[in-house]
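This is what each chain is made of:
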Amino acid sequence: MRIAGRGPGVRPVSFSFDGRRYEGREGDTLASALLANDVALVGRSFKYHRPRGVMTAGPEEPNALVTIGRGAAATPNTRATVQEVFDGLEAFSQNRWPSLDWDLLALNDLAAPFLGAGFYYKTFMGPRGWWERVYEPLIRRAAGLGALSGRPAPERSEKAFAFCDLLVIGAGPAGLTAALVAGRSGADVILADEDFRMGGRLLAKGAEPGPEWAAGILAELESLPNVRLMPRTTVTGAYDQGTFGALERVSLHLADPNGLPRECFWRIVAKRAVLAAGALERPVAFRNNDRPGVMMASAVRAYLHRWGVVPGKRVAVFGNNDGAHVLASELVAAGVNVVGLIDSRHDVVPSGDFRVWTGTQVCNAHGRKRLEAITLRTPVGTERLAVDCLAVSGGWNPSLHLTCHLGGRPEWQRDIAAFVPTPGAVPGLRAAGACNGAFTLGACLSEGRAAAEEALGALGMTPKAVDLPEAPEAQYNITPLWSVPGKGRAWLDFQNDVTVKDVAQAAQENFRSVEHMKRYTTQGMAPDQGKNSNVNALAVLADATGQTIPGTGTTTFRPPYSPVSIAAMGAGAEGKGFAPERFTTSHRAAVGMGAPMIEAGLWYRPSYFPLRSETHWRQSCDREVQMVREAVGICDVSTLGKIDIQGPDAAALLDLVYANRFSTLKEGRVRYGLMLREDGFVMDDGTTARLGPEHFVMTTTTAAAGPVMRHLEFVHQVLRPELDVSMISVTEQWAQFAVAGPKSRELLNGLLDAPVDNDSFPFMACGDVSVMGVAARLFRISFSGEHAYEIAVPARFGEALFRELVARAEGLGGGAYGMEALNVLRIEKGHITHAEIHGRTTAGDIGMGRMIAAKDCIGRVAASRPGLTDPDREQMVGLRPVGDVKQLTAGAHLFDAGAAPLRENAQGYVTSACFSPTLGETRALAFLKRGRARHGEHIRMVDHLRGIDALCEVTDPVAFDPEGGRLRG
Amino acid sequence: MRIPCPICGTRDRREFTYVGAALPRPSDEEWGAGWDDYLHNRENPAGETRDLWQHEAGCGAWLVVTRNTVSHAVLGAELARGATA
Amino acid sequence: MRFSALKVLKEGLTGNKGWTPHWRDPEPKPEYDIVIIGGGGHGLATAFYLAKEHGLTNVAVLEKGYLGGGNVGRNTTIVRANYFLPGNSEFYSHSLKLWEGMEDELNYNVMHSQRGLINLFHSDGQRDAFARRGNAMINQGDDAVLLDREGVRKHLPYLDFDNGRFPIYGGLYHPRGGTARHDAVAWGYARGASDRGVDLIQNCEVTGIDIEGGKVRGVQTSRGAIRAKKVGIVVAGRSGQVAAMAGMRLPIESHVLQAFVTEGLKPVIDHVISFGMGHFYISQSDKGGLVFGGDLDFYASYAARGNLPMVEHVMEAGMTLMPMIGRARVLRSWGGIMDMTADGSPIIDKTGVDGLYIDCGWCYGGFKAVPGSGFSFAHLIAQDRHHAPAAGFRLDRFRTGHGLLDEEGTGSQHNLH
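Predicted model only: the values in this text are computed from it and were never measured.

**Student:** Looking at this structure, how should I read the sheet that holds strand β6 (residues 75-79) of chain A?
**Tutor:** All names here are of chain A. The strand order across the open sheet built from 5 strands is β2-β1-β7-β5-β6, with neighbouring strands paired in mixed fashion. In this open sheet, the two edge strands, each paired with only one partner strand, are β2 (20-25) and β6. Sheet twist, expressed as the mean angle between neighbouring strand axes with direction ignored, is 40°. One ladder, built from 3 bridges, connects strand β5 (residues 65-68) with β6; its direction is antiparallel. Across the sheet, residue V66 finds its bridge partner in β6, namely T78.

**Student:** Before we go on, may I ask you to explain unusual backbone geometry in this structure?
**Tutor:** Where the residue is not glycine, phi is negative for most of them; where a peptide bond is considered, it is trans in most cases. Residues and elements named next belong to chain A. Residue P127 is reached from G126 by a cis peptide bond, and omega for that bond is -5°. For the bond running from E208 to P209, omega is -5°, close enough to zero to count as cis. Considering the arrangement of structural elements, one finds P209 in the loop between β9 (189-192) and α5 (211-223). Backbone geometry places N77, a non-glycine residue, at a positive phi of 60°. By the element assignment, N77 lies in strand β6. Take N77: its relative accessible area is 1%, and that puts it in the buried class.

**Student:** I'm lost on the interface of chain A and chain C in this one. Help?
**Tutor:** By a widespread convention, an interface's size corresponds to the accessible area lost as its parts come together. Counting from both sides, the interface comprises 117 residues of chain A and, opposite them, 122 residues of chain C. Carbon and sulfur atoms supply 54% of the area that chain A and chain C bury against each other, a total of about 10000 Å² over both sides. On the chain A side of the contact with chain C, R140, I566 and F578 of chain A bury the most area, a combined 9% of that side's loss. Summed over the shared surface of chain A and chain C, the result is 77 residue pairs in polar contact (both at pLDDT 80 or more). With 7 residues, helix α3 (residues 130-142) of chain A is the single largest residue contributor to the side of chain A that touches chain C. Class assignment of the residues belonging to the side of chain A that touches chain C gives a composition of 54 nonpolar, 31 polar and 32 charged. In the sheet, strand β29 (residues 564-565) of chain A pairs with strand β16 (residues 329-341) of chain C via 2 bridges, with the strands oriented antiparallel. The residue of β16 of chain C that forms the bridge with S565 of chain A is R329 of chain C.

**Student:** Looking at this model, I keep getting lost on the packing of aromatic side chains. Mind explaining?
**Tutor:** Geometrically, a pair of aromatic rings is defined through the distance of the ring centres and the angle of the planes. Counted under the stated rule, the structure contains 46 aromatic pairs over all chains. On the basis of an interplanar angle of 40° and a centroid distance of 6.4 Å, the ring pair of F761 of chain A and Y789 of chain A is categorised as tilted. Taken together, the residues F761 of chain A in the loop between α18 (744-749) and β39 (766-771) and Y789 of chain A in strand β41 (residues 788-794) connect sequence positions 28 residues apart. With 5.8 Å between their ring centres and 80° between their planes, W35 of chain B and Y38 of chain B make a pair best called edge-to-face. Of this pair, W35 of chain B and Y38 of chain B are both found in helix α1 (residues 33-39), 3 residues apart, which corresponds to roughly one turn of the helix. One exposure class covers both W35 of chain B and Y38 of chain B, and it is buried. Here the guanidinium or amino end of K122 of chain A rests over the ring plane of F3 of chain C, the centre of that ring lying 5.5 Å away. The ring of F3 of chain C has R191 of chain C sitting right over it, with the charged end atom 3.8 Å from the ring centre.

**Student:** Can you help me understand empty space enclosed by the protein in this one?
**Tutor:** The gaps of empty space that remain are located by a probe, the size of a water molecule, rolled over the atoms. Residues and elements named next belong to chain A. In the structure shown here, the tally under the stated rule is 14 cavities of 30 Å³ or more. When its volume is computed, the largest cavity comes out at roughly 170 Å³. Mapped onto the lining of the largest cavity, the elements with two or more residues apiece are β23 (396-398) and α11 (534-545). In terms of residues, the lining of the largest cavity owes the most to one element, α11, which gives 3 residues. Class assignment for the residues of the lining of the largest cavity results in 7 nonpolar, 6 polar and 1 charged. Looking at the second largest cavity, its volume works out to about 100 Å³.

**Student:** I would appreciate a short explanation of the side chain of N109 of chain C in the present structure.
**Tutor:** Among the structural elements, N109 of chain C can be located in the loop between α4 (102-106) and β4 (117-121). Here the side chain of N109 of chain C touches T123 of chain A through a polar contact of 3.0 Å, landing on its backbone oxygen. Apart from the residues lying within four places of it in its own chain, the contact partners of N109 of chain C are Y120, Y121, T123, F124, M125 and W131 of chain A together with E103 and A184 of chain C.

**Student:** Looking at this structure, how should I read helix α9 (residues 500-508) of chain A?
**Tutor:** Structurally, the α-helix is built with 3.6 residues per turn, so residues lying three or four positions apart point the same way. Residue and element names in this part refer to chain A. All of the buried residues along α9 are V500, D502, V503, Q505, A506 and A507. The inward-facing, buried residues of α9 contact β27 (491-493), β28 (498-499), α10 (514-521) and α11. Taken from the residues just after α9, N510 is the one with a positive phi, measuring 75°.

**Student:** Explanation requested: the nonpolar core in the structure shown.
**Tutor:** Across soluble globular proteins, nonpolar side chains have a tendency to be buried as a group. Counting residues in hydrophobic clusters, the biggest one holds 147 residues, and the most contacted among them are F17, L30, Y303 and L331 of chain A together with W99, Y108 and Y189 of chain C. Leave out the neighbours within four places in its chain, and Y189 of chain C touches L44, A45, F48, Y49, M102, L106, V370 and P371 of chain C. Within the second largest apolar cluster, 46 residues are counted, among which are L147, V268, F280 and L308 of chain C.

**Student:** It is not clear to me how a nonpolar patch on the surface should be interpreted in this structure. Could you clarify?
**Tutor:** Taken together, the side chains of W97, L104, L107 and L110 of chain A make up a nonpolar region of the molecular surface, amounting to roughly 510 Å² of accessible area. Within the secondary structure layout, W97 of chain A lies in the loop between β7 (89-92) and α2 (107-110).

Thresholds applied
- Residues numbered from 1 in each chain as written.
- Chains lettered and ligands numbered in written order.
- Predicted model: local features only at pLDDT ≥ 70, side-chain atom pairs only at ≥ 80, totals over all residues.
- Heavy atoms only, no water.
- Pairing = 2+ DSSP bridges.
- Helix = DSSP H or I, 4+ residues; strand = E, 2+ residues; numbered from the N terminus.
- Axes fitted to C-alpha atoms, helices over the stretch in contact; angles between N-to-C directions.
- Buried < 20%, exposed > 50% of the residue type's maximum accessible area, 1.4 Å probe, protein only.
- Contact = heavy atoms within 4.5 Å.
- Buried area = accessible area lost by both parts, 1.4 Å probe.
- Polar contact = N/O pair within 3.5 Å; in protein donor to acceptor, adjacent residues only side chain to side chain.
- Nonpolar A, V, L, I, M, F, W, Y, C, P; charged D, E, K, R; others polar.
- Phe/Tyr/Trp six-rings, centres within 6.5 Å; stacked < 30°, edge-to-face > 60°.
- Lys NZ or Arg CZ within 6 Å of the ring centre and 35° of its normal.
- 1 Å grid on protein atoms, 1.4 Å probe; cavity = no way out; pocket = protein on both sides within 12 Å on 5 of 7 lines; lining within 4 Å.
- Points joined across faces, edges and corners; volume = space filled by probe spheres on them.
- Core = buried A, V, L, I, M, F, W, Y, C linked by side-chain atoms within 4.5 Å.
- Patch = residues over 30% accessible without salt bridge, like charges linked within 9 Å, V, L, I, M, F, W, Y side chains within 5 Å.
- Areas by Shrake-Rupley, 256 points an atom, 1.4 Å probe, with all protein chains shown as cover.
- Salt bridge = Lys/Arg side-chain N within 4 Å of Asp/Glu carboxyl O.

This is how it looks when you write it as structure tokens:
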């Protein structure tokens, strides 16, 4: 309930939980608003489906996980302690059926003796198939927390980069002080805090310096242009060289986001960092300590001071440290009925206007859906107290997680019974305040100042003086109490339902290493990642194994500190955003002609150009092939990589990167080149033209354009820096079109300002030409096997030239052709693509072994290894069907005729196949063991997947015009 | 991870392409242990290493970066021109 | 102790007091017939099969940390037999058969779930490459189905079929592919080996390998010298360091591979899905977390942790393929150290030292190989000759160029896999 006159804001906010309407106030979290409305039951646990209530006031909350919103916009597993209420907010409880109040799977709680640590490893074995069909579906349905909608959510998130001199993580007393010192000194500061209101524990204090002091500092920070405040921003991970990941909840608190993204994932690069993340209070394990109404003392304090909410009418406090006394006093001062303070320590001087039990432990909690009473074990016996809220403090654990993200291990500090960060664990980051084990306000303030001063020193800046407020000198005294001995189940990991008994049983079964215990019991693997339970659990393990706590060690903290949505870290990649789209200059024209565009790497290329009368791609493809063979076809080949290479040593570089020789290539001529990787296998192929004595243009395949460019730079910069040569990719700068077919020259001569003939421009010639007044390059090369050219113009003329070429081709009985026809034309000619040079192919495999010239080149030596020159290797052949089945398919395997299609009989496989309209039958390219010696042999092709079993004749790969007469005509 | 490009300054790892240990290319004309080691066998140190990176999304320079493979500390970067010879 | 539903029931009724250690924690003896260096999945499986298949029980497994603390405890738990190169296919096929009998063999529920694996393809060329793979799987006697776009939609209706950057043409479906509970595999083998008499020695770091006259004599450890007639090295992620103790240099570079798990969610993904264009693979654990991963961080590393560029790339791949997972929150990320070999395939072989054997180089595919690798390595150590399904994993293939197993076709540069 809310105490009159306390709490945030005044504006009422209407929201719903499980369909019921409630009123909260602006500034409430969902948790504070529910508590103000006296809602104790908010969730169900993971395994036993135990009723659960709000336990904390922060993102570490293990119980109050709810789904926000409905339909595609539903967001599961949202911490009610973080979610701010707004008008119209809809929240739903999770992991219960049919309702939160009556949950069928609460039956699991009765079966708990059989569902202890690791029970599933010992049963559900067989009969075969039952795991997938019976047990696993049952387990999966029972497990899990909230549910995804299964549909994409409508709103988007964003990603961004930020840079600063000093990143301060956490805006409590230490963080505010650090930011103030650095900000006043002129450093570029980012202050990030996970809360929507900065101030940290200062906001949960009943006395100054508290909220007002924080507000004053924040006002000054806000006025400094060099300080950037990032509230609602959780720094989630520390990475190398001062890089941090951070998640900002941009609009999750707004009824109307008004175009803002939901979240923003920041990559913050900081020269120095101060970790001032505070500390998290830890519970004490005792029987039924998970009942709704059992809460962390710090949470009760925060709800009291910050939200004016008291989560019960009869409140008791249970602790092992002095903090519990402060809370009890503050509750009394606020007029709350404090039934008493139970302190497990003996030597405590009672203070304040409430009853104190010393040397006493809470050993049981009663009530199922709401705490009704507790049982105390006093030095003289047991006692039962009627309470509806129990505030528990087992001490504090520094939030040192980020200091472990680069592999650092924390150190045990005995006087505070807690792990503290190892200095220097993250280069450039220093921990200050409670996260460093400084549990008094005065120490937090002075550590914050010292950390900032150290950072400024490292940055070469002079710190300006900052006066710190007087803080009362309170000692932090604690006598560790991890679990209260006794019967029944005492919870450690509330979310995963791991109890003290489970840890003890794990130790009994020899899961004595902390990592084994964690993995066997699932301790610390729930959404809170053990923030509430890890230290208690390893203390219990240490006790069970007779080790010390530091000797037991910790598990590893890994990013993210708090869970981060996939949508935030993957923002921008939805749909087409995943990778760039590259368009050729003819793209618009091709789309206008009705061509389906298909992906070729990042590019889009036309598949075929359908006529209105054509209803199947094969009709278009066959026509386009025929067009090229009989008249002339136009194809945009601009996607092939083009690398401009210039310099006195350009030819020497080419001799090194190509297997064959280029230094002998004459000016004005083009040569086919085969490029090997250094391990001797084929890397890529293409043509290179010599435009001048020191000027070459290399083409690569579309797929290898980037890798080849990188390779050339590698060879030049790393292997042969003495070569005087420069190179640059000009793929985007030139639009290039194939003009292929017997009428190609006729077409071109209509366009060229000076016509060409076979003498001036024979096969494999190249040179500068002028096309309707535009300087262009012409290459007489052919992938189709026809008399063909490729003409290149600066990209800005590409579209116009394409349209002109197509129009003129159509006038000659030809037209545009796409990738399907291109593929058929090259298969007919036995030309290779990356289907054949797939990375495991040698020059010899594709019949080009003799191209490796007697000179140093990349890959020459490794290509001489016996395994790469073995005559038994699979060699490229052609295939034609000779049996009843006429279909050949890429991906099928080859066997001797009559041999069973088994792995041990495999002789090779088909790489490419098509129907050849030119030859009137299906043709394929394949790799076959000793294939070149087997032309004419009949073999069996089996494609199990497509149900094809065909008898083939092995042929030469070149099925059409093997003499190449058509090229030269 | 951030790498100090001698030409462009310190830049995020995502601008760079890594290709492995910086080793001198053998001059042997025949296949043998030298080539086998160059192509395959690695010191693969758990500690300081020198490896090749290209500032591919930047100036295009190939660099030899001295790093620690355990701590990910980047100890320096120099242009590869001649650095592996 | 034999595990069964009845046993769980009985213990539950009597306060769970009767459970005994899964494995013994013996002091190391001064001498063993066989010492296995490395108590990860592969090492424990090797010890188990040495005992079970070859009756060799005077065996110690030396682990520098805790059992199963390496990559068997930090992976995306995928189990499959979908390789296409001879040399690989028969090995993974054998390994999958061992998976299928593992629960009986170990009397331990490793939750091997054959929920089906679907590899998506996004172009005609990729379809043909997957057809070659699927046909090779069937040639080997394994299962594969080529799905078209509608076939994929029937299984995975939540993929983005309409807006994705790389449209889904279809998928290669491997019904027997699936997942398993990774830690349980290590524990099951450990328990089985220990029960058969193998000594599992934790917190015992090997600091040297004793070799005399070209023959192995034993090892030096942080817990003293241990003599052995035969020594097997099975230490993925540290292979280079341990092999160096025997003067060897391996064709391996160590890389970090990150993986991710979300908070628990109700069942939403029923298969294992692999999205090659985005280097992304995902499944949902029985606890409800989405378990997924991507490509290597691409720099040599022993840090067992990665950096943001690859984290983001993996999330981006997820968002373009199945935007419905956007509201799931990543709970934890981790990194494993991968032995990346020069051709992307492993090594199970003798070394130049008599009695010294090595099993390494599993790249990022070691988990599914655990039973097969243990079986074949045990065979090699026990009989001093290769087990047929693993006979292709020879160390000299790089030098000779014979039998290279480059499934990805990226060549013998460690970085390019």
